[in-house]
Amino acid sequence: MFLVFVPEMYCQYSESEWKARDKWMKVAEIFQIANIQVGNKVADIGCHQGYMSIRLSDFIGETGSVYSVDVREDRLNKLNDIVSKRGIGNIHTILGDYDDPKLQENSIDVVFIIDAYHEMNDYKQILFHVKKALKPDGRILILEKLKQQMIGKSRQEQTQSHTIAPKYVKNELKEAGFEVIAIEKDLGYWEEDKDKKIWVMVGVLTQS
């Protein structure tokens, strides 16, 4: 699976608390690291109610497209309501499977996986489908938080604590056929909690 139920109390996911999230999530820096451009086609896997999807939509403009993927239809329904109220025309929601985001092959410039990779039990299958969905020069950006008390723990221990270290993800991307071209290990703190440092990683398809 690649997503689990996140109660509404976790404020970073609900629309009413997005402004608070803007204070600690460095969206402009994330977009710069991902090197997204106006007109790109991007995917937001594990989109929840669409915090990142909405911001991607604004950035890429009307000539671009955002494919917002989640395994829960209720989340997508809420995102669709937001899209309708705001008159947004470049966001397309996709009900994915736990092991398949159901993206069209060779269609995506950048795939975003924001605070969701650690929940993906079937991450190998997800990365396989991401590879198929990316254009030849496409990129994957994974953003996670690493809890201080879980540093040095096993992958299983970390994911059970809803966190993951970049070293595990880097190896998994390499095994899946990606080359890691950028790592930023200090992008602030999740919900401004000094115990949860945000890191981000970008991979490109390995040239065969």
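Bear in mind the structure is a predicted one, so any value in this text is a computation, not a measurement.

Parameters at a glance
Residues numbered from 1 in each chain as written. Predicted model: local features only at pLDDT ≥ 70, side-chain atom pairs only at ≥ 80, totals over all residues. Heavy atoms only, no water. Core = buried A, V, L, I, M, F, W, Y, C linked by side-chain atoms within 4.5 Å. Buried < 20%, exposed > 50% of the residue type's maximum accessible area, 1.4 Å probe, protein only. Helix = DSSP H or I, 4+ residues; strand = E, 2+ residues; numbered from the N terminus. Salt bridge = Lys/Arg side-chain N within 4 Å of Asp/Glu carboxyl O. Arc of directions from axis to C-beta.

**Focus on the nonpolar core**
Then, in step 1: Met25, Ile30, Phe112, Leu141 and Leu143 are the most contacted members of the largest nonpolar core, which totals 32 residues.
Then, in step 2: Listed by contribution, the elements that provide at least two residues to this core are α2 (27–34), α3 (51–60), α4 (73–86), β4 (108–114), β5 (134–147) and β7 (196–205).
Then, in step 3: By size, the runner-up hydrophobic cluster in this structure holds 29 residues, among which are Ile94, Met120, Leu127 and Leu205.

**Thoughts on the pattern of salt bridges**
Then, in step 1: For the structure on display, the rule yields eight salt bridges.
Then, in step 2: Its salt-bridge partner being glutamate 172, residue arginine 155 comes within 2.5 Å of it at the nearest N-O pair. Of this pair, arginine 155 sits in helix α6 (residues 155–160) while glutamate 172 sits in helix α7 (residues 166–176); the two residues are 17 residues apart in sequence, bridging distant segments of the chain. Both residues of the pair, arginine 155 and glutamate 172, count as buried.

**Structural notes on helix α5 (residues 123–133)**
Then, in step 1: Within α5, burial applies to Tyr123, Ile126, Leu127, His129, Val130 and Ala133. The arc enclosing the buried residues of α5, seen along the axis, measures out at 165°, which places them on a common side.

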